[in-house]
There are 2 protein chains.
Amino acid sequence: MFARTSLSGFPEWLPGGRIVEQNVLDHLREVFELHGFTSLHTRAVEPVGELQRKGETSKEVYVLSRIHDPQAEVTDKTLGLHFDLTVPFARYVLENRNQLAFPFRRYQIQHVWRGERPQDGRYREFIQADIDIVADGDLPRHYESELPLVMFEALSALPIPPVTIMINNRKIVQGFCEGIGVDDIDEALRAIDKIAKVGPDGVKQILTANGVSEEQADKLLALAGIRGGKETITNAVTALGVENETLQQGLQELNQVLQDTHEQAGDHIVADLSITRGLDYYTGTVYETIIEGHEDLGSICSGGRYDSLASDGKRSYLGVGMSIGVSRLLSRMSSQQMIKPTRTVPTCVLVAVANEQTRGESNAVARVLRQRGIATEVSPKASKFGKQIKYADKRGIPFVCFLEEDQSVTVKDLRTGQQEPIDPATWMPAAEDLKVRVVSDN
Amino acid sequence: MFARTSLSGFPEWLPGGRIVEQNVLDHLREVFELHGFTSLHTRAVEPVGELQRKGETSKEVYVLSRIHDPQAEVTDKTLGLHFDLTVPFARYVLENRNQLAFPFRRYQIQHVWRGERPQDGRYREFIQADIDIVADGDLPRHYESELPLVMFEALSALPIPPVTIMINNRKIVQGFCEGIGVDDIDEALRAIDKIAKVGPDGVKQILTANGVSEEQADKLLALAGIRGGKETITNAVTALGVENETLQQGLQELNQVLQDTHEQAGDHIVADLSITRGLDYYTGTVYETIIEGHEDLGSICSGGRYDSLASDGKRSYLGVGMSIGVSRLLSRMSSQQMIKPTRTVPTCVLVAVANEQTRGESNAVARVLRQRGIATEVSPKASKFGKQIKYADKRGIPFVCFLEEDQSVTVKDLRTGQQEPIDPATWMPAAEDLKVRVVSDN
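Rules behind the numbers
- Residues numbered from 1 in each chain as written.
- Chains lettered and ligands numbered in written order.
- Predicted model: local features only at pLDDT ≥ 70, side-chain atom pairs only at ≥ 80, totals over all residues.
- Heavy atoms only, no water.
- 1 Å grid on protein atoms, 1.4 Å probe; cavity = no way out; pocket = protein on both sides within 12 Å on 5 of 7 lines; lining within 4 Å.
- Points joined across faces, edges and corners; volume = space filled by probe spheres on them.
- Helix = DSSP H or I, 4+ residues; strand = E, 2+ residues; numbered from the N terminus.
- Nonpolar A, V, L, I, M, F, W, Y, C, P; charged D, E, K, R; others polar.
- Contact = heavy atoms within 4.5 Å.
- Buried area = accessible area lost by both parts, 1.4 Å probe.
- Salt bridge = Lys/Arg side-chain N within 4 Å of Asp/Glu carboxyl O.
- Buried < 20%, exposed > 50% of the residue type's maximum accessible area, 1.4 Å probe, protein only.
- Polar contact = N/O pair within 3.5 Å; in protein donor to acceptor, adjacent residues only side chain to side chain.
- Pairing = 2+ DSSP bridges.
- Axes fitted to C-alpha atoms, helices over the stretch in contact; angles between N-to-C directions.
- Phe/Tyr/Trp six-rings, centres within 6.5 Å; stacked < 30°, edge-to-face > 60°.
- Least-squares fit on C-alpha atoms with pLDDT ≥ 70 in both.
- Expected span 1.5 Å × (residues − 1).
- Bend = angle between axes of the 7 residues up to and from the residue.

1. A few points about empty space enclosed by the protein
Then, in step 1: Tallied over the full model, the rule gives 7 cavities of 30 Å³ or more.
Then, in step 2: The calculated volume of the largest cavity comes to roughly 840 Å³.
Then, in step 3: Arg 18, His 41 and Ile 109 of chain A together with Arg 18 and Ile 109 of chain B are, among the 37 residues lining the largest cavity, the residues nearest its centre.
Then, in step 4: Of all elements in the fold, only helix H1 (15–34), strand S5 (104–113) and strand S6 (125–136) of chain A together with helix H1 (15–34), strand S5 (104–113) and strand S6 (125–136) of chain B reach the threshold of two or more residues within the lining of the largest cavity.
Then, in step 5: For the lining of the largest cavity, the class distribution of residues is 13 nonpolar, 13 polar and 11 charged.

2. Let's talk about the interface of chain B and chain A
Then, in step 1: Residue-level contacts link 86 residues of chain B with 86 residues of chain A.
Then, in step 2: For the pair chain B and chain A, the summed buried surface comes to about 7,500 Å²; carbon and sulfur atoms form 53% of the total.
Then, in step 3: At the junction of chain B and chain A, the tally comes to 14 salt bridges.
Then, in step 4: Across the salt bridge formed by Glu 377 of chain B and Arg 105 of chain A, the nearest N and O atoms sit 3.8 Å from each other.

3. Points about the environment of Ala 154 of chain B
Then, in step 1: Note on placement: Ala 154 of chain B falls in helix H4 (residues 143–156).
Then, in step 2: You can call Ala 154 of chain B buried: its relative accessible area is 0%.

4. Considering the side chain of Thr 410 of chain B
All names here are of chain B.
Then, in step 1: By the element assignment, Thr 410 lies in strand S17 (residues 409–413).
Then, in step 2: Given the relative accessible area of 10%, Thr 410 is considered buried.
Then, in step 3: Among the polar contacts listed, one links the side chain of Thr 410 to the side chain of Glu 404, at a separation of 2.8 Å.
Then, in step 4: What Thr 410 contacts, discounting residues up to four positions off in sequence, is Val 400, Cys 401, Phe 402, Glu 404, Gln 419, Glu 420, Pro 421 and Ile 422.

5. Observations concerning the sheet that holds S17 of chain B
Residue and element names in this part refer to chain B.
Then, in step 1: Read from one edge to the other, the open sheet built from 5 strands follows the order S15-S14-S16-S17-S18, with strand pairing classed as mixed. The open sheet has two edge strands, strand S15 (376–378) and strand S18 (419–422), and neither has a second partner. Taken pair by pair, the neighbouring strands of this sheet meet at an average axis angle of 30 degrees, ignoring direction.
Then, in step 2: Sheet topology note: the strand S14 (residues 349–351)/strand S16 (residues 399–403) ladder contains 3 bridges and is parallel. Bridge assignment links Leu 350 to a residue of S16, and that residue is Val 400.

6. Regarding the sheet that holds strand S11 (residues 301–311) of chain B
All names here are of chain B.
Then, in step 1: One open sheet holds the 9 strands; their spatial order is S1-S5-S6-S12-S11-S10-S7-S9-S8, and the pairing between them is mixed. Whereas interior strands pair on both sides, the edge strands pair on one side only; in this sheet they are strand S1 (38–39) and strand S8 (227–228).
Then, in step 2: Sheet topology note: the strand S7 (residues 163–169)/strand S9 (residues 269–272) ladder contains 3 bridges and is parallel. Among the inter-strand pairings, Ile 167 is bridged to a residue of S9, identified as Ala 271.
Then, in step 3: This element, H1, spans S5, S6 and strand S12 (316–325) of the sheet and lies at about 160 degrees to S5.
Then, in step 4: Helix H3 (residues 86–95) rests against S5, S6, S11 and S12 of the sheet, and its axis sits at about 35 degrees to S11.

7. What about the packing of aromatic side chains?
Residue and element names in this part refer to chain A.
Then, in step 1: Within this structure, the stated rule accounts for 19 aromatic pairs over all chains.
Then, in step 2: On the numbers, 5.2 Å between centres and 40 degrees between planes, the contact of Phe 102 with Tyr 317 is tilted. Of this pair, Phe 102 sits in the loop between helix H3 (86–95) and S5 while Tyr 317 is found in strand S12 (residues 316–325), placing the two residues 215 residues apart along the sequence. For the pair formed by Phe 102 and Tyr 317, the shared burial category is buried.
Then, in step 3: Consider the rings of Tyr 281 and Tyr 306, whose centres lie 6.0 Å apart with planes at 20 degrees: the pair is stacked. With a gap of 25 residues between them, Tyr 281 in the loop between strand S9 (269–272) and strand S10 (285–291) and Tyr 306 in strand S11 (residues 301–311) connect regions that are remote in the sequence.

8. What about the environment of Tyr 281 of chain A?
Then, in step 1: When its relative accessible area of 25% is taken as the criterion, Tyr 281 of chain A is described as partly exposed.
Then, in step 2: A sequence separation of 27 residues divides Tyr 281 of chain A from Ser 308 of chain A, and the C-alpha atoms of the two residues are 8.8 Å apart.

9. Side note on the relation of the copies chain B and chain A
Then, in step 1: Taken as rigid bodies, chain B and chain A are interconverted by a rotation of 180 degrees and an axial shift of 0.0 Å, the fit giving an RMSD of 0.1 Å. Taken together, the turn and the small shift mark the pair as related by a two-fold rotation axis. By C-alpha distance to the rotation axis, the residue of chain B lying nearest is Leu 64 of chain B, at 2.4 Å.
Then, in step 2: Counting the interface residues of chain B, we find that 100% of their copies in chain A are interface residues as well, pointing to one common contact surface.

10. Focus on the pattern of salt bridges
Then, in step 1: Using the criterion set out here, one finds 60 salt bridges over all chains in the structure.
Then, in step 2: Between Glu 263 of chain A and Arg 367 of chain B there is a salt bridge, with its nearest N and O atoms 3.7 Å apart. Of this pair, Glu 263 of chain A sits in helix H10 (residues 245–265) while Arg 367 of chain B sits in helix H12 (residues 359–371), which puts the two residues in different chains.
Then, in step 3: Overall, the relative accessible area of 21% leaves Arg 367 of chain B in the partly exposed class.
Then, in step 4: Across the pair Arg 91 of chain B and Glu 46 of chain B runs a salt bridge, and its minimum N-O distance is 2.7 Å. Taken together, the residues span a long stretch of sequence, with Arg 91 of chain B in helix H3 and Glu 46 of chain B in strand S2 (residues 45–47) at a distance of 45 residues.
Then, in step 5: Relative accessible area serves as the criterion here: at 0%, Glu 46 of chain B is assigned to the buried category.
Then, in step 6: The network of salt bridges with shared partners includes Arg 4 and Glu 12 of chain A together with Arg 43, Glu 46, Arg 91 and Glu 95 of chain B.

11. Quick look at unusual backbone geometry
Residue and element names in this part refer to chain A.
Then, in step 1: Of note, the amide linkage connecting Phe 102 to Pro 103 takes the cis form, showing an omega dihedral of -5 degrees.
Then, in step 2: Relative to the helices and strands, Pro 103 is located in the loop between H3 and S5.
Then, in step 3: Positive phi outside glycine occurs at Gln 407, with the angle close to 75 degrees.
Then, in step 4: Structurally, Gln 407 can be placed in the loop between strand S16 (399–403) and strand S17 (409–413).

12. Section: helix H7 (residues 195–209) of chain B
Residues and elements named next belong to chain B.
Then, in step 1: Over its 15 residues, H7 runs only 16 Å from end to end, short of the ideal 21 Å by more than 12%, given 1.5 Å per residue.
Then, in step 2: Asp 201 marks where H7 bends most, by close to 75 degrees.
Then, in step 3: Every buried residue of H7 is accounted for by Gly 199, Gly 202, Val 203 and Leu 207.
Then, in step 4: Structurally, H7 contributes buried residues whose contacts are with helix H6 (185–193) and helix H8 (214–224).
Then, in step 5: One or two positions beyond H7, positive phi appears at Gly 211, with a value near 85 degrees.

And the structure:
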């Protein structure tokens, strides 16, 4: 379903692939709106100073200059393409804080750009779908349970294998480190984050080389190995025998999310204390999401609670958010032919043209069909009917309408070959044929 | 409905304005798909060489460079943001010609960027909505009638005043010039194009200064003054007494479009021989569209037939296309408060929370409502009911649900103040309240 990609890192779809993408984006939008999230679309550019405000210098930003006015030097005011939707959202909230009603629930589905070398299947242009709930001053904890449930519902509505959302809590790691006397928490987090790459022994080496004792390292590794539901993790953490108030609070927050989400998501929302990414930025619950059977793809939906989205000096805005990497998800699903469209055009019916003098009559039949929401094309040429049928067949259009000499109308189902008389003013195709759909091959 | 615009030329909407924009884009998409146009989305960037392939050096292109790898010199391979959707579409068709089925009907709704100084209400980032039908080798004339009818239907579905699509044909002007002995047609077109700015006398001065005789100039001005339906223009052109085959062919093509479209569009598709823009590029019918009462806004939907979209040396691709300037249209309609949303969130129902212990019960009611497509939020806090109602009211949410102590559920319509018992499993709001809608103030 991919088009020829003449620019590495900038994927484009063939029409069938685009139909899948649209369908997925429509599904996400529908679920987000059902939960009262309102759409935002921010401009593609931000001043470089804004893009690097959080010390984000690792992201490869594309900077802009006008072709007739090239600019050699990059300053804070130089415009750059946004590399995520959080930076523009934070700026937008701050600029429009007096006209927004808080808590503010928004979703945002847009392209983002990163000037990274397009290796490892990384894209330079891709779609993210974010939801956030932002408050000024106070953000109730229950939103930390609501967000993963919305994303679980959104992802479960897609024709993809089941997903599992894994959660952790910054306070657990922080309290645990305090409790066992490890000072440099960020250093410890960075080491644990390497576990998949270097293994437990490798992590232990890094930790002990940085002043962490063997015993402390073992405990940290034991903590990171804990995964499961409410009882499992409570027992496992308690068994490590570390006493700390922040740890207890984190554990309680984690358990609350597990409890709130269990009825709907069951074991698909699970605690996993090995999750460290984002813990330097997030201040409470963090989320990562894997597709079952596609764990190697990494997290396709991540986020967490943050206490400092933006601040105007007087008020500070805090929130909880999650972001789906839509392009990555779609690319995997398509390349493995897991999802495909039922046809490559929206068209449900092709009206044949007997000769160019009666094209007007064919147009009239098409209009009648469209008035009731049936996507209809009229044949490009009054060629032999066999050729007109081929036009439809090539695109997967399921029905061809013919105007008979007695002015009656017949419709032929190209899959069964059956042809029957119809009244265009009342005939309806089967619901599954009316709109192009996306189906799973599983 | 505009957000604070901290970057001139890069407009953003407040949530209510974004709802209007989404609604307009949804309408356009629906009509395009009903007519069998399939969606394409091309990457935001093209090599500068591609962007300037048609000698388009007048467009202010934004060029990109990577922040960690700044590039002083602009070459043909430097990436630039696309300034329209035609250049990327031509490139896409050529690259994927072996996988596309021709005639290929596509629509494309995307942002484009122009580095122009944002004066005269011009934007640097704005949305275009294009439809094109492209063929390899031969493109039937009837598409020149179909396209304006699709756009007429699309624009008429929007909550804006009526539109008029004005058409002209390259061959009329070309044949007329040949017939009266004017050699430099492009020069003549450029002069006529200035008529609104310098008046007929000014145009005459420019023409005569360029070797056109007074008599020829008068005839050209007379031609440019012709506007109307089939009979009017045929009589008026014939009265000018110019004999030329190309002119006759152009007139016939123009009349065919007027005839094909009259039943549906009446006088809303009309010939206007003063239209010159694009005649250097288009080879047959050309289109411009004005909103009645907003003629000063200029054309909001333009296009035409072209015989050279792209060529691979062996085959050449030709087509007919039209493009709506969505942002410009929306900006006018919103700034004059002509269209507005019925609320600023998708939410139809807010479920109140009596106390935090019963939040789960409120969540359950919300789930039941959402299952039948009713967008529902649960109150952020178990504050006093008056405060919860205020939360809904501030956002224009029409209904608030309450869980009574006997476990029954009531719903309050915030506009009438009426409250009545409901069964969440069967209750439906009025169709006009279910989804946020966009209404016209006219």
